[in-house]
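For reference, the chains in residue letters:
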Amino acid sequence: MKKWYAVIGDPIAHSRSPEMHTRWLDEEKIDASYIPIHLTKEQLAEGVNSLRLLGCSGWNVTVPHKEAIIPLLDAIDPLAEKMQAVNTVVRQADGTLKGYNTDGLGYVRSLEERFPEISKESRVLIIGAGGAAKGIAFAMKQEGYSSITITNRTMERAETLAQSLGKQAMTLDEASEQLDSFDILIQTTSVGMQHSIQGVPLDLANLRSDAIVTDIIYTPKETEFLRLARQKGAKTMNGLGMFIHQGALAFSYWTNRYPDAQSLMNEWNN
Ligand code: ATR
């Protein structure tokens, strides 16, 4: 029987996941489809039951359902459990549904692919303490990065996340002052997003010229934060690779094949 996959969220019309996965299914010659499904919060439980009943082989989960879907599944991967967020559901051989999270791992994959020279001892600063920061922080830790510091506008949230990781937190002012002690910066806040808050979340005056500076935003392709970092000589990366690799990892969980992420990245970044 032809398999089918989906992405659920609210809103969902803007999602680039259907285009991405349909292309990879074609490239890998897998006879399956991938469709967007609009589900509101109120419809989530019924929607997930319907996907289960109708035999959907797996789906992605986007805003605002990543946390709320957890109790509706049969099993959860330990990393997703730590993050308390699921972005990928896999129907297992026995028909049960297991939740995973590929967002943070997708980020790490994009970082290591783009900068193969980085070491696990690099001193990493994560700016932000929301869901995205949490996903990346747990994935970085799992992948062996030993030095991770969290900074955030609301210090309490930075401390809570740092504590759950067993890492340290700093205020934005402290981080700006000590910026030359970090090798990799990861900007996870909404500052710089199109139609959102302009400017930068943190002063870059003390940035090392050999630092790697990344932003999880990819519209615009270059945020003010990345532009300033690039002008100071830093190597920069936007969030497109994270988006593509979270999808590629999900695709590999469903099909056992890792798709060609690089070609898509080259096309979409141009
Ligand atoms: P997400 O799940 O996308 O990470 P979130 O949980 O709402 O979204 O988190 C948004 C992040 O952006 C938070 O770290 C937030 O800082 P606060 O915890 O202090 O709210 C950060 N953020 C949003 N607007 C900001 C601004 N104008 N300046 C600095 N940080 C900002």
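Relevant structure appears above.
Thresholds applied
Residues numbered from 1 in each chain as written. Predicted model: local features only at pLDDT ≥ 70, side-chain atom pairs only at ≥ 80, totals over all residues. Heavy atoms only, no water. Helix = DSSP H or I, 4+ residues; strand = E, 2+ residues; numbered from the N terminus. Buried < 20%, exposed > 50% of the residue type's maximum accessible area, 1.4 Å probe, protein only. Contact = heavy atoms within 4.5 Å. Phe/Tyr/Trp six-rings, centres within 6.5 Å; stacked < 30°, edge-to-face > 60°. Pairing = 2+ DSSP bridges.

Colleague: Explain the side chain of S57 to me, please; I cannot follow it from the model alone.
Modeller: Tracing the chain through its elements places S57 in the loop between α2 (44-53) and β3 (58-61). For S57, a relative accessible area of 15% gives the class buried. When neighbours within four sequence positions are excluded, S57 is seen to be in contact with K3, W4, Y5, V90, R91 and W254.

Colleague: Even after reading the chapter, I still don't get the packing of aromatic side chains, so can you show me in this structure?
Modeller: One pair of aromatic rings is described through two measures. These are the centre distance and the angle between the planes. Applying the stated criterion to the full structure yields five aromatic pairs. Measuring from centroid to centroid gives 5.8 Å for W24 and F251, while their planes differ by 75°, and the two rings are edge-to-face. Of the two residues, W24 is situated in helix α1 (residues 17-27) and F251 in helix α9 (residues 240-255); the sequence distance between them amounts to 227 residues. Using a relative accessible area of 0% as the deciding quantity, one classes W24 as buried.

Colleague: For this particular structure, what's the right way to read the pairing of β3?
Modeller: Each regular strand shows side chains that alternate between the opposite faces of the sheet. Neither face of β3 is exposed, since G58 and N60 on one face and W59 and V61 on the opposite face are all buried. Bridge count between strand β1 (residues 3-9) and β3: four bridges; the pairing is parallel. Directly across from Y5, in β3, lies its bridge partner G58. The pairing of β3 with strand β5 (residues 88-91) spans three bridges and is classified as antiparallel. Looking at β5, one finds that G58 is bridged to V90.

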